[in-house]
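Residues per chain are reported as follows:
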Amino acid sequence: MSSSEALSNSHAPKATSGERALSLYVCLILLFLALPIFIVVPLAFSSDASLSFPPHGFSFRWFVNMVNRQEFLRAAGLSAMLAVVATICSLIVGSLAAVGLVRYHFPGRDTLLMVFMTPLIFPAIVLGAGLALMFSPLGLLRNFWGLLLAHMVVTFPYCLRTSLATLHEVDKALEEAAYTLGANRWRTFRHVTLPLMRPGLLAGATFSLIISFDEFTITMFLAGPGLMTLPLEMYNYTEFSLDPTIAAISTVLLIITSIAIVIIEKLVGLGKQFS
Amino acid sequence: MSTPAGAPTRALDGLPPRRIDYGRLFSLLMLLAPAALLLAVGLLWPFLTMLRMSFLDRYPDPSALTLEYYTLVLGDPYFLRIIGRTFSLALVVTVITAVLAYPVAWFLARSRSRYKHLVFLAVISPLMVSIIVRSIGWTIVLGNEGLINALLHGLGLIDGPLQLMQSFWSVVLGMVHILIPFMVLSIASVLGKIDPSYAEAAYVMGANPVRTFLKVTLPLSVQGIASGSVIVFCLTIGAYVTPVMLGRGKVLVMAMGIFEQMVVTVDWPTGAAVAMVLTMGTMLVLIAYGLFLRRYSRR
């Protein structure tokens, strides 16, 4: 028996106290992560007029209030529209760039990739203020197209990253085969590469939709009366009244997010997109 | 078939062509141009607009370039306090996040648990929950009528509510909650690549588990901690929503200062100068990280 086998055998059968402590610790961290997220659910059904815990009674009135307030519905519509259009545009731009970065070798490729990822760490508050300064003489403030550009910038790195990850797994031989059989570069991309990239594109689309739908800091500089996204409208509401209406909206959003997570997990495996 | 069999293979393999293949170059440019254009218009242009604004003597109708607003910002105790608070917040959040995240990353990289996949999902799922929802959640936990105060009151430990919101530490808590997944992912990806036989070797040679961890595994995983720290630090110094919603006006950070100057008092050059100080902070961290990586890979 080799030494490493002996080692792993001595560890394997019984969970050591260290391993049990680690599992307990991980459970505590998961509890910490889940706590502020799931605590909004019971409060959504509270009959109290404030966000007090525990709720003193049960009622649906905050859901009724949510539906009756036109501004939330309108804002949700704009957010959804913005998220969908920004995602489609970012996916196109991101997948094209991914093909360029993976299938072609050229000097400065790694640097270019880093540059393409900068929106991930560039301070959102600076980008938002900068876009506002740039847009105001162009008349793009409080304008859908201005918002779209901003949302494309922040969602693009996610689309690029997931596209890159799947493209690395697509067998180059398949593209070569299409090419040798007489398909030109565009037809090869359209009929071979693109269909094979589908899992990555799906994952990218999910992330992009969520990032855009939740975007707050940049949007706050560019939106305004008549053009409000849901996070902004929710924030505005909490400025004036901290009642469970906001918990009701949060609960609806949580349900939608959970469904999205389950779908993407079933379709492509969320874990794969990160490792 | 008109295309010779060798040419496309070389084109796709990315082998250096014997002469410049203009068709290939053209398609490469076409592939990268939309992304380059997007970042030029949507990131570089606003950044340069901001940079220029920070040097203008007044706006509108600028007549000269000046450093006046930088000296104003860096000489004003009000702004200095905000800058100091922002960077100490980022530092504290980075350290706490790294310490809390490391064991979770270790679990994800090493454990043979059946629930590993589920744990992974549970760690990254909060990334998909709106930051507004999470701030509301913390309000419910920490508020005067919130969970913790209700618990303490129920146990008879306090009479009146404890003021848990509106403090530096409530903002730290909110930021740590948001950023833990990023740190776990960074560290786990590096830990996963370390060959366990290094640690086993140290163990066989007689090092106890603590020594093995400190002398072998930890140094090998420093790169993951470093890249995670860069992300966490950069995202914290630019954060707006959490300090506003958990600090409730009591914890002023640079992002709020920028918003005040740009939108409330409409003093654009001052706001731009604060924004540039923030951006320089981000850049310094990135440069330090780059230097660290170079030194580290040389060893």
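Residues numbered from 1 in each chain as written. Chains lettered and ligands numbered in written order. Predicted model: local features only at pLDDT ≥ 70, side-chain atom pairs only at ≥ 80, totals over all residues. Heavy atoms only, no water.

- Looking up chain B in an unreviewed UniProt entry gives the name ABC transporter permease, with the organism given as Azorhizobium oxalatiphilum.
- Looking at the Subcellular location (unreviewed entry) heading of the UniProt record, one finds this comment for chain B: "Cell membrane".
- Regarding chain B, the UniProt comment filed under Sequence similarities (unreviewed entry) reads as follows: "Belongs to the binding-protein-dependent transport system permease family. CysTW subfamily." (UniProt positions renumbered as here; feature names shortened; annotations may be inferred.)

- Looking up chain A in an unreviewed UniProt entry gives the name ABC transporter permease, with the organism given as Azorhizobium oxalatiphilum.
- On record in UniProt, under Sequence similarities (unreviewed entry), the comment for chain A is "Belongs to the binding-protein-dependent transport system permease family."

Considering the overall build of chain A
(1) Moving on: Scanning chain A from N- to C-terminus turns up 14 helices and 0 strands.
(2) Moving on: Ordering the α and β elements of chain A from the N terminus gives α-α-α-α-α-α-α-α-α-α-α-α-α-α.
(3) Moving on: A compact globule built from 275 residues should have a C-alpha radius of gyration of about 19 Å, whereas chain A, at 24 Å, is more than 25% larger.
(4) Moving on: Across the 275 residues in chain A, those meeting the buried criterion constitute 52%.
(5) Moving on: Pairs at least 24 residues apart make up 70% of the contacts formed inside chain A by residues separated by at least 6 positions. (Helix = DSSP H or I, 4+ residues; strand = E, 2+ residues; numbered from the N terminus. Rg over C-alpha atoms; globule rule 2.2 N^0.38 Å. Buried < 20%, exposed > 50% of the residue type's maximum accessible area, 1.4 Å probe, protein only. Contact = heavy atoms within 4.5 Å.)

Examining the interface of chain A and chain B
(1) Moving on: Each partner contributes to the interface: chain A provides 87 residues, whereas chain B provides 88 residues.
(2) Moving on: Buried surface at the junction of chain A and chain B, both sides included, amounts to about 8,000 Å², of which 81% is carbon and sulfur.
(3) Moving on: Where chain A packs against chain B, one counts 4 residue pairs in polar contact (both at pLDDT 80 or more).
(4) Moving on: Among the elements that take part in the side of chain A that touches chain B, helix α2 (residues 17-38) of chain A stands out by supplying 12 residues, more than any other. (Buried area = accessible area lost by both parts, 1.4 Å probe. Polar contact = N/O pair within 3.5 Å; in protein donor to acceptor, adjacent residues only side chain to side chain.)

Here we look at a nonpolar patch on the surface
Residue and element names in this part refer to chain A.
(1) Moving on: A cluster of nonpolar side chains, namely Leu-202, Ile-255, Ile-259, Ile-263 and Leu-267, defines an oily patch on the protein surface of about 460 Å² accessible area.
(2) Moving on: Top element by residues in the nonpolar patch is helix α14 (residues 245-267). It accounts for 4 residues.
(3) Moving on: Along the chain, the position of Ile-255 falls in helix α14. (Patch = residues over 30% accessible without salt bridge, like charges linked within 9 Å, V, L, I, M, F, W, Y side chains within 5 Å. Areas by Shrake-Rupley, 256 points an atom, 1.4 Å probe, with all protein chains shown as cover. Salt bridge = Lys/Arg side-chain N within 4 Å of Asp/Glu carboxyl O.)

Here we look at the packing of aromatic side chains
(1) Moving on: Following the criterion strictly, the structure yields 22 aromatic pairs over all chains and no others.
(2) Moving on: Pairing Trp-186 of chain A with Phe-189 of chain A gives two aromatic rings, centres 5.9 Å apart and planes at 35 degrees, and the pair type is tilted. Of this pair, Trp-186 of chain A and Phe-189 of chain A are both found in helix α10 (residues 185-196), 3 residues apart, which corresponds to roughly one turn of the helix.
(3) Moving on: Among the residues examined, Phe-189 of chain A registers a relative accessible area of 11% and is labelled buried.
(4) Moving on: Residue placement shows Arg-110 of chain B over the ring face of Trp-106 of chain B; its charged tip is 5.2 Å from the ring centre. (Phe/Tyr/Trp six-rings, centres within 6.5 Å; stacked < 30°, edge-to-face > 60°. Lys NZ or Arg CZ within 6 Å of the ring centre and 35° of its normal.)

Details of the UniProt feature "domain: ABC transmembrane type-1" (unreviewed entry) in chain B
(1) Moving on: When the UniProt feature table is mapped to this numbering, "domain: ABC transmembrane type-1" (unreviewed entry) covers residues 83-289 of chain B.
(2) Moving on: Here residues 83-289 of chain B runs as 77% helix and 0% strand, with 21 Å between its end C-alpha atoms.

Some remarks on the UniProt feature "transmembrane region" (unreviewed entry) in chain B
Residue and element names in this part refer to chain B.
(1) Moving on: The sites that UniProt annotates as "transmembrane region" (unreviewed entry) are residues 25-48, 87-109, 118-141, 168-192, 213-241 and 272-293.
(2) Moving on: Each end of residues 87-109 is marked by a C-alpha atom, and these two atoms are 31 Å apart; helix forms 100% of the span and strand 0%.
(3) Moving on: End C-alpha atoms of residues 272-293 are separated by 31 Å, and the span's content is 100% helix alongside 0% strand.

Let's talk about the UniProt feature "transmembrane region" (unreviewed entry) in chain A
All names here are of chain A.
(1) Moving on: According to UniProt, the "transmembrane region" (unreviewed entry) feature falls on residues 21-45, 72-99, 111-135, 141-160, 200-224 and 244-264.
(2) Moving on: Here residues 21-45 runs as 92% helix and 0% strand, with 37 Å between its end C-alpha atoms.
(3) Moving on: As a span, residues 200-224 carries 84% helix and 0% strand, and end to end its C-alpha atoms are 34 Å apart.

Focus: the state of the cysteines
Residues and elements named next belong to chain A.
(1) Moving on: By the definition in use, this model includes 0 disulfides over all chains.
(2) Moving on: Here Cys-89 is not cross-linked by a disulfide; its sulfur's nearest cysteine counterpart is in Cys-159, at 10 Å.
(3) Moving on: On the basis of relative accessible area, Cys-89 is assigned to the partly exposed category, the value being 24%. (Disulfide = S-S within 2.5 Å.)

Here we look at the packing of helix α8 (residues 144-169) of chain A against helix α11 (residues 198-214) of chain A
All names here are of chain A.
(1) Moving on: Packing of α8 against α11 brings their axes to within 8 Å, and their N-to-C directions diverge by 160 degrees. In terms of axis orientation, α8 runs roughly antiparallel to α11. As α8 packs across α11, the resulting crossing turns out to be right-handed. Between α8 and α11, the residues in contact are His-151, Val-154, Thr-155, Tyr-158, Cys-159, Thr-162, Ser-163 and Thr-166 and Pro-199, Gly-200, Leu-201, Ala-203, Gly-204, Phe-207, Ser-208, Ile-211 and Ser-212, respectively.
(2) Moving on: Along the lines of polarity and charge, the residues of the contact of α8 with α11 split into 8 nonpolar, 9 polar and no charged. (Axes fitted to C-alpha atoms, helices over the stretch in contact; angles between N-to-C directions. Parallel < 35°, antiparallel > 145°, perpendicular 65-115°, else oblique. Left-handed = near helix turned anticlockwise from the far one by under 90°. Nonpolar A, V, L, I, M, F, W, Y, C, P; charged D, E, K, R; others polar.)

Some remarks on helix α5 (residues 116-124) of chain B
(1) Moving on: Of all the residues in α5 of chain B, the buried ones are Val-119, Phe-120, Leu-121, Val-123 and Ile-124 of chain B.
(2) Moving on: Tucked into the core, α5 of chain B has its buried residues touching α2 and α14 of chain A together with α4 (77-110) and α8 (168-191) of chain B.

Concerning the pattern of salt bridges
(1) Moving on: According to the stated counting rule, one finds 3 salt bridges over all chains in the structure shown.
(2) Moving on: Of the charged contacts in the structure, one is a salt bridge between Glu-19 of chain A and Arg-112 of chain B, with a shortest N-O distance of 3.7 Å. In this pair, Glu-19 of chain A is assigned in helix α2 and Arg-112 of chain B in the loop between α4 and α5, connecting two distinct chains.
(3) Moving on: On the accessibility criterion, Glu-19 of chain A (35% relative accessible area) is partly exposed.
(4) Moving on: Residue classification places Arg-112 of chain B among the exposed positions, given a relative accessible area of 58%.
(5) Moving on: The salt bridge partner of Glu-175 of chain A is Arg-103 of chain A, with a shortest N-O separation of 2.8 Å. Taken together, the residues span a long stretch of sequence, with Glu-175 of chain A in helix α9 (residues 172-180) and Arg-103 of chain A in helix α5 (residues 70-103) at a distance of 72 residues.
(6) Moving on: Given the relative accessible area of 2%, Glu-175 of chain A is considered buried.
(7) Moving on: The exposure class of Arg-103 of chain A is buried, given its relative accessible area of 7%.

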